Amino acid sequence: MRVLDLIYPSKCVFCGSILGRDENGACRECEKQLPYVTEPVCVRCGKPVADPEEPLCLDCSRRKDTALSQSAALWIYREDTRRAMLDFKYGGCRTDASYYGKAVLQRLRKRILTWSPDTIVPIPIHRRRERYRGYNQAELLANELGAGLGLPVEPLLRRTRYTVPQKDLSPGERRANLRQAFSVDEELMDPDRHRRLLLVDDIYTTGATLESCAGLLRDAGAGEVYAICLCIGSDS
């Protein structure tokens, strides 16, 4: 065992307990209880739905047009995963990205490969927030996925306007909040090379952020835009 492991032992991203030698990222007890997304799910966004006869969740059924081809998520967003996401996003737990990337690839690699993306694009945060946090959690996750899939990660999107957090807003307020909040980096965007893009973010709620970004990328010449998130809400 390394000296650093004795001084700074690895802890479970969910409960904070010290991990055993053969545990990685999450302890056995938390792993047993993790709320993995399972069928039935919305055919468009991958959100769990209550009625298996309904192909779309409520949010997707209310959306007339969609720029996002399809998306998927690893876990349902509930109290244990919410705490982990808060630590990942605001708690300086940037090294947790390694565990999250491996977890996504273990369960969702085949789905991603069926989409055949050529480039991974992290959802950007405003430079003010990135200076305060020291990193963008979506970019860290995207880099892990890029390394595991052998795909380039490119910052094709920019956050152009500082917005209030989406979590406490209604669907209409979320859309208004994101209006003109993103732009495409025209110097990096190449429609001939960026035909099938994979957006990466930590949490999917109503899909407003991903839809906004996918629309901009499609307008800039992308053919298909998919998305992967760590957590997603349940249909209600």
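Predicted model, so just to flag it, every value in this text is computed and none were measured.

What counts, and where the lines are drawn
- Residues numbered from 1 in each chain as written.
- Predicted model: local features only at pLDDT ≥ 70, side-chain atom pairs only at ≥ 80, totals over all residues.
- Heavy atoms only, no water.
- Helix = DSSP H or I, 4+ residues; strand = E, 2+ residues; numbered from the N terminus.
- Buried < 20%, exposed > 50% of the residue type's maximum accessible area, 1.4 Å probe, protein only.
- Contact = heavy atoms within 4.5 Å.
- Salt bridge = Lys/Arg side-chain N within 4 Å of Asp/Glu carboxyl O.
- Pairing = 2+ DSSP bridges.
- Right-handed = clockwise from strand over helix to strand, strands pointing away.
- Core = buried A, V, L, I, M, F, W, Y, C linked by side-chain atoms within 4.5 Å.

### A look at the overall build of the protein chain
Within the protein chain one finds nine helices and six strands. Looking at the protein chain as a whole, 48% of its 236 residues qualify as buried. Partitioning the intrachain contacts of the protein chain with sequence separation of at least 6 by distance along the chain shows that 74% fall at a separation of at least 24.

### Points about the environment of R63
As for its position among the elements, R63 is in the loop between α3 (58-62) and β1 (70-76). Classification of R63 by relative accessible area gives buried; the value is 19%. With near-sequence residues (within four places) excluded, R63 lies in contact with R44, Y204, T206, G207, A208 and E211.

### Some thoughts on the pattern of salt bridges
Any two side chains of opposite charge can pair, given that their charged atoms come close. One pass over the full model with this rule turns up 11 salt bridges. For E23, the salt bridge is made with R28, and the minimal N-O distance between the two is 3.5 Å. According to the relative accessible area criterion, E23 is buried, its value standing at 16%. Owing to a relative accessible area of 46%, R28 belongs among the partly exposed residues under this scheme. Residues E29 and K32 are paired through a salt bridge, measuring 3.4 Å at the closest nitrogen-oxygen approach. In this pair, E29 and K32 are both assigned in helix α2 (residues 28-33), three residues apart and thus about one turn of the helix distant. Since its relative accessible area comes to 46%, E29 is described here as partly exposed. Through salt bridges with shared partners, a single ionic network connects D22, E23 and R28.

### Brief notes about the pairing of strand β5 (residues 196-204)
Counted residue by residue, β5 has eight buried out of nine residues, so it is predominantly covered. With four bridges joining them, strand β2 (residues 119-122) and β5 adopt parallel strand pairing. The residue bridging T119 from the neighbouring strand is L197, located in β5. Crossover handedness for the path β5 to helix α9 (residues 208-219) to strand β6 (residues 224-232): right-handed.

### Here we look at the nonpolar core
The biggest cluster of nonpolar side chains holds 38 residues, and the ones touching the most others in it are F14, W75, Y100 and I228. Contributions of two or more residues to this core are made by β1, α4 (79-90), α5 (96-115), α7 (137-149), β5 and β6. Broken down by element, the residue count for this core peaks at nine residues, all from α5. With residues near it in sequence (within four places) discarded, F14 still touches A26, C30, L34, W75, D80, T81, R83, A84 and Y99.

Read these as layout, nothing more, since geometry by itself doesn't imply function.
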